[in-house]
Amino acid sequence: METYQLKTFVTVAREGSITRASELLYLSQPAVSAHIKAIEEEFDLTLFERTPRGMVLTPNGSGLLVHAEQSIAMHQQFIEQARRLKGLPSGRLRLGLLGRTDPALVSRWMSRLVDRWPDLAVTVEHGSSAQVADGLQCGHLDVGFFMDEAGMDTELHGMEVATRTLHLAAPKGWAAPDAEPDWRALVQRPWISPACRGCCGQSLHRLFAQLGEVPRRLISLDQPALVPALVTGGVGLGFVHDEVSRTAGFLAAADLVGGVHFTFPVRFGCLASRTSEPAVQAALQTMREVREVRAG
């Protein structure tokens, strides 16, 4: 009995269908049936009942399923350990992805990575810059995109791959877009204040430091993605991302205030102590290559 036959057995058991199993395994349906038949004949056991609802495990099949799954897992662990000893990246690579990250950049990086290292399985988790940074620091993520913000943990190692610009915006009629802002009047208005670790919160912090005062009314917010809707809804002033600030729908209900904006580098990286790990090395090297191609 071969490992590939066990994989076929487990897949049919999970899917309850030879058709779906063949699609997942990239095999023909006769090939899938042949794998099941080979196991049944080798041990003189019936693993499945063929019913109108699909393939249903027999008691014998149910009793063997857990052992088959364990055998496949141990086989994969053996391969991964052998590759680690040889210094080749394999296993799972957990990527932390920011919202609004350039899809073309991510696509080029992932395509090159999986082509070169087919034994790396990339899983993606979306989050804010602070969430990605926290995930990298606690080991929940292996690599990720994060903003180069004030207060970012110095233990993170990263390379700049993009920039993000945020613009100060106000509900329509609160500030003349082409005139010098009347800060004395604006600080009397409500301001939308997301968490300080995010780039929207950091932009507010920088502006208030420049003005030397803090508005009287701050609306705390834990979801920066809501800022554009609150600005256009007339709730208060806030910083919005560049791509949002240029849309016709946003500008119909809001104005950009006096050209006030801040730019933050977007970095791709990992925990500094993990840069020598094969999978992390592969991810970083691949991003360097993608970045060089873009620059060229």
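Residues numbered from 1 in each chain as written. Predicted model: local features only at pLDDT ≥ 70, side-chain atom pairs only at ≥ 80, totals over all residues. Heavy atoms only, no water.

**Digging into the environment of Glu243**
Tracing the backbone shows Glu243 in helix α10 (residues 242-245). Taking the relative accessible area as the measure of exposure, Glu243 reaches 34% and is therefore partly exposed. Sequence-wise, Glu243 and Val12 are 231 residues apart; in three dimensions their C-alpha atoms are separated by 46 Å. (Helix = DSSP H or I, 4+ residues; strand = E, 2+ residues; numbered from the N terminus. Buried < 20%, exposed > 50% of the residue type's maximum accessible area, 1.4 Å probe, protein only.)

**Details of the packing of aromatic side chains**
Summed over all chains, the structure comprises 5 aromatic pairs. Grouping aromatic residues by their ring pairs yields a cluster made of Trp109, Phe145 and Phe268. For Arg189, the ring lying beneath its charged end belongs to Trp174, and the centroid distance is 4.2 Å. (Phe/Tyr/Trp six-rings, centres within 6.5 Å; stacked < 30°, edge-to-face > 60°. Lys NZ or Arg CZ within 6 Å of the ring centre and 35° of its normal.)

**Describing unusual backbone geometry**
One non-glycine residue, Tyr26, lies in the positive phi region at around 55 degrees. Take Tyr26: it is sitting in the loop between α2 (18-25) and α3 (29-43). On the basis of relative accessibility, which here comes to 75%, the residue Tyr26 falls in the exposed class. With a phi angle near 55 degrees, Asp44 is a residue other than glycine that sits in the positive phi range. Turning to its location among the elements, Asp44 is positioned in the loop between α3 and β1 (48-51). Judged by its relative accessible area of 70%, Asp44 falls in the exposed class.

**Looking at the sheet that holds strand β4 (residues 120-126)**
Spatially, the 6 strands line up as an open sheet ordered β4-β3-β5-β10-β6-β9, and their pairing is mixed. Each end of this open sheet is capped by a strand with a single partner; those strands are β4 and β9 (238-241). Between one strand axis and the next, the sheet turns by 30 degrees as a mean value, whatever way the strands run. One ladder, built from 14 bridges, connects strand β6 (residues 156-171) with strand β10 (residues 254-271); its direction is antiparallel. If you follow Leu166 over to β10, its bridge partner there is Phe262. Its contacts with the sheet put helix α6 (residues 129-138) on β3 (91-97), β5 (143-147), β6 and β10, and the angle it makes with β5 is roughly 140 degrees. On the sheet, helix α8 (residues 199-211) packs against β5, β6, β9 and β10 and is oriented at approximately 125 degrees with respect to β10. (Pairing = 2+ DSSP bridges. Axes fitted to C-alpha atoms, helices over the stretch in contact; angles between N-to-C directions. Contact = heavy atoms within 4.5 Å.)

**Details of the pairing of β6**
The sheet contact formed by β6 and β9 spans 4 bridges and is antiparallel. By the bridge assignment, Ala169 is partnered in β9 with Gly238.

**Side note on the layout of surface pockets**
Its boundaries defined by the atoms lining it, the largest pocket holds a volume of some 530 Å³. Of all the secondary structure elements, the ones that give two or more residues to the lining of the largest pocket are α6, α8, α9 (227-232) and β9. Taken together, the residues of the lining of the largest pocket break down into 12 nonpolar, 8 polar and 5 charged. Lining the second largest pocket are Lys7, Val10, Thr11, Arg14, Ile72, Ala73 and Gln76. Within the residue set of the lining of the second largest pocket, elements represented by two or more residues are α1 (3-15) and α4 (59-86). Residue contributions to the lining of the second largest pocket peak at 4 residues, all from α1. Split into classes, the residues belonging to the lining of the second largest pocket amount to 3 nonpolar, 2 polar and 2 charged. (1 Å grid on protein atoms, 1.4 Å probe; cavity = no way out; pocket = protein on both sides within 12 Å on 5 of 7 lines; lining within 4 Å. Points joined across faces, edges and corners; volume = space filled by probe spheres on them. Nonpolar A, V, L, I, M, F, W, Y, C, P; charged D, E, K, R; others polar.)

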